[in-house]
Amino acid sequence: AARPLDGGPVRGLFRRLRTGFPTMAIEVSRHGRTPVMRVDVPDRADLLVEQVARSVDTITSIQEHFGSAVPSLRMAFDHADFGLRHGTTSGEAAGGGEIHINASWVNVEGLLAFRRPRADAPPRFAPSARPVAIYNNLDGTTAHEAWHQIDFMFQGRHYATSIELRRALGEELGVETLEQALRGADRGAPPAWRAARQRLIEEVSPYAATATQEATAEMFKLWWCRVGDPGPLIVRFGELVETLVAAPEP
């Protein structure tokens, strides 16, 4: 359920200056419980409510599953920076538990432009993982950014355990730690590191091989948006997340 929030003209003007278009704030609750999140959405006639709903459902489901392991989150569908405004970024995790999702996902005009092939503008980043079947790229983007917020809190509260997570992922890939897999493209990298990186690219995505935090966010995306057997690396990631992150040692 959702209800509009009256933020007043000053807040409305501030949001418009930041996003570049009129927005409205809604308060989201799940199963009739106490409101769990505030969400800023474009105030447009062509707003795709179903898209907003599925992205918010992804976030609230993750919050429900992980409980206190998830920080207090705020969500905005906006164009708050260059990457979001120009379609080179689908989502961003900011400080203070803020998740920004590209507003083009949730209005007809923006979605058509967002999906239009850009032969003259190659992707800025390595390709990201794509969820399958009942999930779409918006679900995946939302889960990816939610993991960044979980990971920020996890490393801050349980840094030693976060090292254990990366070591266990490295072992699954045949190396000592996940960081070695990411260094598989270095000149003179051992064959095991190169093989681990190639497996990361094939089983997750090329974007997963760009940075440690992106590797785990991409794995979380495929684990959360899984259908059937997601593969041994994603299965192992899920096992580790359930034991180390969702229910960490005190």
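Provided above is the structure to which this section pertains.
Residues numbered from 1 in each chain as written. Predicted model: local features only at pLDDT ≥ 70, side-chain atom pairs only at ≥ 80, totals over all residues. Heavy atoms only, no water.

## Some thoughts on the nonpolar core
Buried together is how nonpolar side chains tend to be arranged in soluble globular proteins.
Next up, step 1: One finds F66, M219 and F220 to be the most contacted residues of the largest nonpolar core, which totals 59 residues.
Next up, step 2: Sequence-distant contacts of F220, that is, excluding residues within four places in its chain, are made with I62, F66, A143, W147, I150 and F237. (Core = buried A, V, L, I, M, F, W, Y, C linked by side-chain atoms within 4.5 Å. Buried < 20%, exposed > 50% of the residue type's maximum accessible area, 1.4 Å probe, protein only. Contact = heavy atoms within 4.5 Å.)

## Here we look at the packing of helix 5 (residues 137–157) against helix 10 (residues 232–245)
Next up, step 1: Contact geometry of helix 5 with helix 10 gives a least axis separation of 13 Å together with a crossing angle of 45°. Taken as axis vectors, helix 5 and helix 10 run oblique relative to one another. Where helix 5 crosses over helix 10, the handedness of that crossing is left-handed. Each of W147, I150 and F154 in helix 5 lies in contact with helix 10, whose residues at this interface are F237, V241, L244 and V245.
Next up, step 2: For the contact of helix 5 with helix 10, the per-class residue count stands at 7 nonpolar, no polar and no charged. (Axes fitted to C-alpha atoms, helices over the stretch in contact; angles between N-to-C directions. Helix = DSSP H or I, 4+ residues; strand = E, 2+ residues; numbered from the N terminus. Parallel < 35°, antiparallel > 145°, perpendicular 65-115°, else oblique. Left-handed = near helix turned anticlockwise from the far one by under 90°. Nonpolar A, V, L, I, M, F, W, Y, C, P; charged D, E, K, R; others polar.)

## Quick look at the packing of aromatic side chains
Next up, step 1: Using the criterion set out here, one finds 8 aromatic pairs in the structure.
Next up, step 2: Plain terms: the ring middles of F220 and W224 are 6.0 Å apart, the flat faces sit at 15° to each other, and that makes the pair stacked. Pair noted here: F220 and W224 are both in helix 9 (residues 212–224), with a separation of 4 residues, about one helical turn. Per residue, the accessibility class of F220 equals that of W224, and both read buried.
Next up, step 3: On the basis of an interplanar angle of 65° and a centroid distance of 6.0 Å, the ring pair of W223 and W224 is categorised as edge-to-face. (Phe/Tyr/Trp six-rings, centres within 6.5 Å; stacked < 30°, edge-to-face > 60°.)

## Let's talk about the pattern of salt bridges
Next up, step 1: With the rule as written, the count across this model stands at 11 salt bridges.
Next up, step 2: In this structure, the salt-bridge partner of R44 is E109, at a minimum N-O distance of 3.0 Å. Here R44 is found in the loop between strand 3 (37–42) and helix 2 (49–66), whereas its partner E109 is found in helix 4 (residues 108–115), with 65 residues between them in sequence.
Next up, step 3: The class for R44 is partly exposed, based on a relative accessible area of 30%.
Next up, step 4: E109 gets classed as exposed once you look at its relative accessible area, which sits at 55%.
Next up, step 5: Put simply, E203 and R199 hold a salt bridge, and the shortest N to O gap is 2.6 Å. (Salt bridge = Lys/Arg side-chain N within 4 Å of Asp/Glu carboxyl O.)

## Remarks on unusual backbone geometry
Next up, step 1: The phi dihedral of A133 is positive, around 55°, even though this residue is not glycine.
Next up, step 2: Within the element layout of this structure, A133 appears in the loop between helix 4 and helix 5.

## With respect to the environment of P232
Next up, step 1: Checked against the element boundaries, P232 lands in helix 10.
Next up, step 2: Beyond its immediate stretch of four places on either side in the chain, P232 contacts E172, R199 and E203.

## Concerning the pairing of strand 6 (residues 98–102)
Next up, step 1: Among the 5 residues in strand 6, 5 count as buried, and that is most of the element.
Next up, step 2: On strand 6, burial covers both faces: E98, H100 and N102 on one face and I99 and I101 on the other are all buried.
Next up, step 3: Summarising the sheet, strand 4 (residues 74–78) and strand 6 pair through 5 bridges and their orientation is parallel. Looking at the pairing, M75 lines up with I99 of strand 6.
Next up, step 4: As consecutive antiparallel partners, strand 5 (residues 91–93) and strand 6 are separated by 4 residues, and within that stretch G96 has a phi angle of approximately 70°, a positive value. (Pairing = 2+ DSSP bridges.)

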